[in-house]
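# A closer look at the structure
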Amino acid sequence: MNKLTQITLASIATMALMANLSASDIYETHNTTLPELKMADNNLTFKMIEGYQDYKIVATHFRTDKNEIRYILANPIGYNALKEKAKVMPEGSKIVKIGWSVKKMPTFANALEADEVQRVEYMVKDSKKFNADGDNWGYARFVKKEGNYVAWDKGNKGCISCHSAVKETDYLFTKLQSTH
Ligand code: HEC
């Protein structure tokens, strides 16, 4: 085999891999400083959203009962789908929610600012693993307690049942927030 044939074969193999998003691509992880934590009922880990701090911000929410500011972020697959108002989010979409407590800004009493991270949670679209209600979403939550994250130990049934209220938007409460 000459060099050109080898290179061509290698690029065909790469393209084939890229075209066929396998389950391992969805969860590909690298060395990370995220804690080793796993949801007991579906094995989703914190590390599976490695790099989430670089995802694009999709929306900001405020839970008045929990007094928490929340950022919703999406990986590139999820972000593009939200931008295109996809009816059903594509395979590999990851939507992350970070929640912070709030405090008064020390320099301006009428302004609030984010204080401590309270939680990081996510939804991942994976039809191979999650099919229970036909929505293909997996749910994970990691809650910060006294400075350390712990995996949510009450399972994901609660997540599924509450998010079922928004079936018509593919189980997502979030839509892309307008910036103009
Ligand atoms: C009682 C209802 C309820 C339950 C239970 C619930 N959620 Fe949500 N979730 C919401 C609402 C309302 C929003 C949008 C407001 C916000 O950001 O807090 C949301 C937003 C989200 C988002 C951002 C995407 C979206 O749908 O807007 C993720 C990710 C998420 N929830 C994950 C989870 C996980 C994981 C669990 C279970 C451990 C869970 N949720 C349980 C109501 C719920």
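Residues numbered from 1 in each chain as written. Predicted model: local features only at pLDDT ≥ 70, side-chain atom pairs only at ≥ 80, totals over all residues.

## Some details on helix 3 (residues 76–83)
Taken together, the buried positions of helix 3 are occupied by G78, A81 and L82. Here the buried residues of helix 3 occupy an arc of 100° about the axis, which is enough to place them on one side. Looking at the packing, one finds that the buried side of helix 3 touches strand 1 (56–63), strand 2 (68–74) and strand 3 (94–105). Two residues or fewer after helix 3 comes K85, characterised by a positive phi angle close to 55°. (Buried ≥ 20, exposed ≤ 12 C-beta atoms within 10 Å, placed from the backbone. Helix = DSSP H or I, 4+ residues; strand = E, 2+ residues; numbered from the N terminus. Arc of directions from axis to C-beta. Contact = placed C-beta atoms within 7 Å.)

## Some points on the pairing of strand 6 (residues 148–151)
Alignment of strand 5 (residues 137–145) against strand 6, held across four bridges, turns out to be antiparallel. Paired with V143 across the two strands is V150, which belongs to strand 6. Hairpin remark: strand 5 followed by strand 6, antiparallel, with two residues in the connecting loop; positive phi at E146, about 45°. (Pairing = 2+ DSSP bridges.)

## Regarding unusual backbone geometry
Unlike most non-glycine residues, N67 shows phi in positive territory, near 55°. Tracing the backbone shows N67 in the loop between strand 1 and strand 2. Of note in this structure, N136 is not a glycine but carries a positive phi near 65°. Counting through the fold element by element, N136 comes out in the loop between strand 4 (108–125) and strand 5. The class for N136 is buried, based on 20 C-beta atoms found within 10 Å.

## Brief notes about the site of the ligand
Taken together, the neighbourhood of the ligand is formed by 21 residues, with H61, C159, C162, F173 and T174 sitting nearest. If you list the elements that add at least two residues to the shell around the ligand, you get strand 1, strand 2, strand 3, strand 4, strand 5 and helix 4 (157–163). For the shell around the ligand, the leading source of residues is helix 4, giving four residues. For the shell around the ligand, the class distribution of residues is eleven nonpolar, five polar and five charged. (Near = placed C-beta within 6 Å. Nonpolar A, V, L, I, M, F, W, Y, C, P; charged D, E, K, R; others polar.)

## Describing the confidence of the model for the chain
Residues at a pLDDT of 70 or more form 85% of the chain, whose mean pLDDT is 89. Low pLDDT (under 50) marks residues 12–19, which in the prediction has zero contacts with non-local residues, meaning those over four places away or in another chain. (pLDDT = per-residue confidence, 0-100.)

## A short note on the sheet that holds strand 3
If you walk across this open sheet you meet the six strands as 1-2-3-4-5-6, and the pairing is antiparallel. Each edge of the open sheet is held by one strand with a lone partner, namely strand 1 and strand 6. Pairs of neighbouring strands in the sheet enclose a mean axial angle of 30°, with direction left out of account. In this structure, strand 4 lies alongside strand 5, joined through seven bridges in antiparallel fashion. Its bridge partner lying in strand 5, V124 is registered against G138. (Axes fitted to C-alpha atoms, helices over the stretch in contact; angles between N-to-C directions.)

## Section: the environment of G155
Mapping G155 onto the fold places it in the loop between strand 6 and helix 4. By C-beta crowding, G155 is classed as partly exposed, having 14 other C-beta atoms within 10 Å. Along the sequence, G155 and Y139 sit 16 residues apart, while their C-alpha atoms lie 9.0 Å from each other.

## Regarding the nonpolar core
In this structure, I95, V96 and Y122 are the most contacted members of the largest nonpolar core, which totals 28 residues. Residue assignment for this core shows that the elements contributing at least two residues are strand 2, helix 3, strand 3, strand 4 and strand 5. Contacts of I95, omitting those with residues within four sequence positions, involve I72, A74, G78, Y122, M123, L172 and T174. (Core = buried A, V, L, I, M, F, W, Y, C linked by C-beta atoms within 7 Å.)

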